[in-house]
Amino acid sequence: MGWQLHGDGRNVDEGAIVAPHERLSWPRTIGFGAQHVVAMFGATFLVPIITEFPPSATLFFSGVGTLLFLIITRNRLPSYLGSSFAFIAPITAATAAESTGAALFGILAVGVLLALIGGLVMLTGTGWIDALMPPVVAGSIVALIGFNLSGVATGNVQQAPWTAMVTLVVVLLAAVVFTGLLARLAIVVGVAAGYVFAVIAGSIDFRTVSDAAWIGPPDFGTPEASWAVVPAFLPVVLVLVAENVGHVRSVAHLAGDDSINRLTGRALLADGLATTIAGAGGGSGTTTYGENIGVMAATKVYSTAAYWVAGIVAIGLGLSPKVGALISTVPPGVLGGVTVALYGLIGIIGIKIWIDNGVDFSRPVNQFTAAVALVIGIGDLTLSAGSMEFTGIALGSVAAVVVYHAMAQIERLRGGRPQDRTAGS
């Protein structure tokens, strides 16, 4: 758990990086840890607000999950585990149909399955994941999840159009006016501006904040066994696998250390266990955060010591009911403005997967894989089988996998073109 001091502990030479096993002086390390807290905070706290989960519990378990991740990956893989937006749709559906406890059971189930996949990857490698989820499939699943949530975003906008407009406009301006870390925090800046506008408009009640204690345990929850909600959560596993694999590869590339790729199985196992613990205690499911990878790319500081700081700070925030109460006061208009951008970005990330991997849409296999999956997901086709309900995200994800592999197999049998490149190529 020790770190080697990088140089004089104060400066990073041009062209050099602070490696995961290194650190700067502790004051500087704490400062970089604080940057990671800010980078993760905007997205992490939005998930519990949108899903009406306790923010304090979500922050607490994101911190616990991050520390667990660092331990399991042997302190060699710098990553923060924050709330995953892939959970929003199934949590919302499960809570509306049954209860928050049922939604927690779905999160727990995802965590267990992801941990098992992590163990399998540690034994077999990631080749089978690349074969199961080529870029056209992975991109389609990510895209349909983002676009499936568009109705939730516009519904919040309609509750307070002016607040939503102010929030969205500030997000867009911050993304292009600012540079560096501030540009990456455009969502946080937009939320802050929209929140101030809502305060001026008198639409926020601070009584719950005043009544909340400064220090106290998070508002923990207990899962309630409900297998009926599990089908809606299963596609999230595919997204978490794709995110973790992609993020590990990104960190390995940016840090110039290919050996980091060998930690992929451990990363999946760690995220699975972190999500399981969160589901068991009342928090939302977790995933590795691209926002924090962006901070590392900008600062050239890949020290895992900074992530220990970030995890500990997140746990501290989770132990403050007043912080949780303040987060809970964010009004629907602010959420509407910011999620119009966020959910759209999730969809665009899926499209970016296609572009980055050169998916050839002149091929009918790729055309129909994306077309069928997107229409099912965006249209939110819902089918029932007994007590089980399969939503658009679940059916669209299954369709992406089945359509691609069925058509690709037929194409191969008739001597057609070879398969697409894998997602990592």
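Here, the structure is the one placed above.
Residues numbered from 1 in each chain as written. Predicted model: local features only at pLDDT ≥ 70, side-chain atom pairs only at ≥ 80, totals over all residues. Heavy atoms only, no water.

What about the overall build of the protein chain?
- A tally of regular secondary structure across the protein chain gives 19 helices and 6 strands.
- Against the compact-globule benchmark of 22 Å for 425 residues, the protein chain has a radius of gyration of 21 Å, which places it among compact chains.
- For the protein chain, with 425 residues in total, the buried portion stands at 54%.
- Considering only contacts within the protein chain whose residues lie at least 6 apart along the sequence, 81% involve residues at least 24 apart.
- Carbon and sulfur atoms provide 67% of the accessible area of the protein chain, an area that totals close to 17400 Å². (Helix = DSSP H or I, 4+ residues; strand = E, 2+ residues; numbered from the N terminus. Rg over C-alpha atoms; globule rule 2.2 N^0.38 Å. Buried < 20%, exposed > 50% of the residue type's maximum accessible area, 1.4 Å probe, protein only. Contact = heavy atoms within 4.5 Å. Areas by Shrake-Rupley, 256 points an atom, 1.4 Å probe, with all protein chains shown as cover.)

Concerning the packing of aromatic side chains
- Under the defined criterion, the tally for this structure stands at 7 aromatic pairs.
- One aromatic cluster is present, formed by Phe60, Phe61 and Phe220 through successive ring pairs.
- Above the plane of the ring of Trp214 lies Lys322, whose end atom (NZ or CZ) is 5.1 Å from the centre. (Phe/Tyr/Trp six-rings, centres within 6.5 Å; stacked < 30°, edge-to-face > 60°. Lys NZ or Arg CZ within 6 Å of the ring centre and 35° of its normal.)

Description of the environment of Thr276
- Structurally, Thr276 can be placed in helix 13 (residues 264-281).
- Apart from residues no more than four positions distant in its own chain, Thr276 is found in contact with Leu108, Gly111 and Val112.
- Here Gly111 takes part through its backbone oxygen, which lies 3.4 Å from a polar atom of the side chain of Thr276. (Polar contact = N/O pair within 3.5 Å; in protein donor to acceptor, adjacent residues only side chain to side chain.)

What about the packing of helix 12 (residues 230-255) against helix 13?
- Between helix 12 and helix 13, the least distance of the axes is 10 Å, while the angle of their chain directions is 135°. Taken as axis vectors, helix 12 and helix 13 run oblique relative to one another. As for the relative orientation of helix 12 and helix 13, their crossing is right-handed in sense. From helix 12, Leu240, Val241, Asn244, Val245 and Val248 reach across to helix 13, where they touch Thr264, Ala267, Leu268 and Asp271.
- Broken down by class, the residue content of the contact of helix 12 with helix 13 amounts to 6 nonpolar, 2 polar and 1 charged. (Axes fitted to C-alpha atoms, helices over the stretch in contact; angles between N-to-C directions. Parallel < 35°, antiparallel > 145°, perpendicular 65-115°, else oblique. Left-handed = near helix turned anticlockwise from the far one by under 90°. Nonpolar A, V, L, I, M, F, W, Y, C, P; charged D, E, K, R; others polar.)

Here we look at helix 15 (residues 304-318)
- Taking 1.5 Å as the rise per residue, helix 15 with 15 residues should run 21 Å; its terminal C-alpha atoms sit 21 Å apart, in good agreement.
- With 11 of 15 residues buried, helix 15 lies mostly within the body of the structure.
- Buried within helix 15 we find Thr304, Ala305, Ala306, Tyr307, Trp308, Val309, Ala310, Gly311, Ala314, Ile315 and Gly318. (Expected span 1.5 Å × (residues − 1).)

Section: a nonpolar patch on the surface
- A grouping of Trp162, Met165, Val169, Leu173, Val176, Val177, Phe178 and Phe197 is seen on the molecular surface, where their side chains present a nonpolar patch of about 810 Å² in accessible area.
- Per-element tally for the nonpolar patch: the top contributor is helix 8 (residues 161-177), with 6 residues.
- With respect to the helices and strands, the residue Phe197 is situated in helix 10 (residues 186-200).
- On the basis of relative accessible area, Phe197 is assigned to the partly exposed category, the value being 32%. (Patch = residues over 30% accessible without salt bridge, like charges linked within 9 Å, V, L, I, M, F, W, Y side chains within 5 Å. Salt bridge = Lys/Arg side-chain N within 4 Å of Asp/Glu carboxyl O.)

Quick word on the nonpolar core
- Membership of the largest hydrophobic core comes to 108 residues, with the highest contact counts inside it found for Leu46, Phe85, Phe233 and Tyr343.
- The leading source of residues in this core is helix 12, at 12 residues.
- Each residue touching Phe85, except ones within four places of it in the same chain, is listed here: Ala43, Leu46, Val47, Leu149, Leu342, Tyr343 and Ile346.
- Among the nonpolar cores identified, the runner-up in size contains 5 residues, and Val18, Phe32, Val301 and Ala306 belong to it. (Core = buried A, V, L, I, M, F, W, Y, C linked by side-chain atoms within 4.5 Å.)

A short note on the environment of Ser62
- Among the secondary structure elements, Ser62 is positioned in helix 2 (residues 55-72).
- Given a relative accessible area of 1%, Ser62 falls into the buried group.
- Residues contacting Ser62, with those up to four places away along its chain left out, are Thr44, Tyr80, Leu81, Gly82 and Ala314.

Quick look at unusual backbone geometry
- Here Glu52, not a glycine, exhibits a phi torsion of approximately 65°, which is positive.
- Among the structural elements, Glu52 can be located in the loop between helix 1 (26-51) and helix 2.
- Residue classification places Glu52 among the exposed residues on the basis of a relative accessible area of 69%.
- Look at Asn75: it is not a glycine, yet its phi comes out positive at around 65°.
- Relative to the elements of secondary structure, Asn75 occurs in the loop between helix 2 and strand 3 (81-83).
- We classify Asn75 as buried; its relative accessible area is 9%.

Quick notes on the pattern of salt bridges
- Under the defined criterion, the tally for this structure stands at 5 salt bridges.
- In this structure, Arg10 engages Asp8 in a salt bridge whose closest nitrogen and oxygen atoms are separated by 3.6 Å.
- The class of Arg10 is partly exposed, set by a relative accessible area of 48%.
- Judged by its relative accessible area of 37%, Asp8 falls in the partly exposed class.
- Of the charged contacts, one joins Arg207 and Asp205 as a salt bridge, the two residues approaching to 2.5 Å between their closest N and O atoms.
- You can call Arg207 exposed: its relative accessible area is 61%.
- For Asp205, a relative accessible area of 39% gives the class partly exposed.

What to know about the packing of helix 18 (residues 364-378) against helix 19 (residues 392-413)
- Axis separation between helix 18 and helix 19 bottoms out at 8 Å; the angle between their running directions is 165°. Classified by the interaxial angle, the pair formed by helix 18 and helix 19 is roughly antiparallel. In the crossing of helix 18 with helix 19, the sense of the turn from one axis to the other is right-handed. Here Pro364, Val365, Asn366, Phe368, Thr369, Val372, Ala373, Ile376 and Gly377 of helix 18 come into contact with helix 19, specifically with Gly392, Leu395, Gly396, Ala399, Ala400, Val403, Tyr404, Met407, Ala408 and Glu411.
- Considering only residue class, the contact of helix 18 with helix 19 consists of 13 nonpolar, 5 polar and 1 charged.

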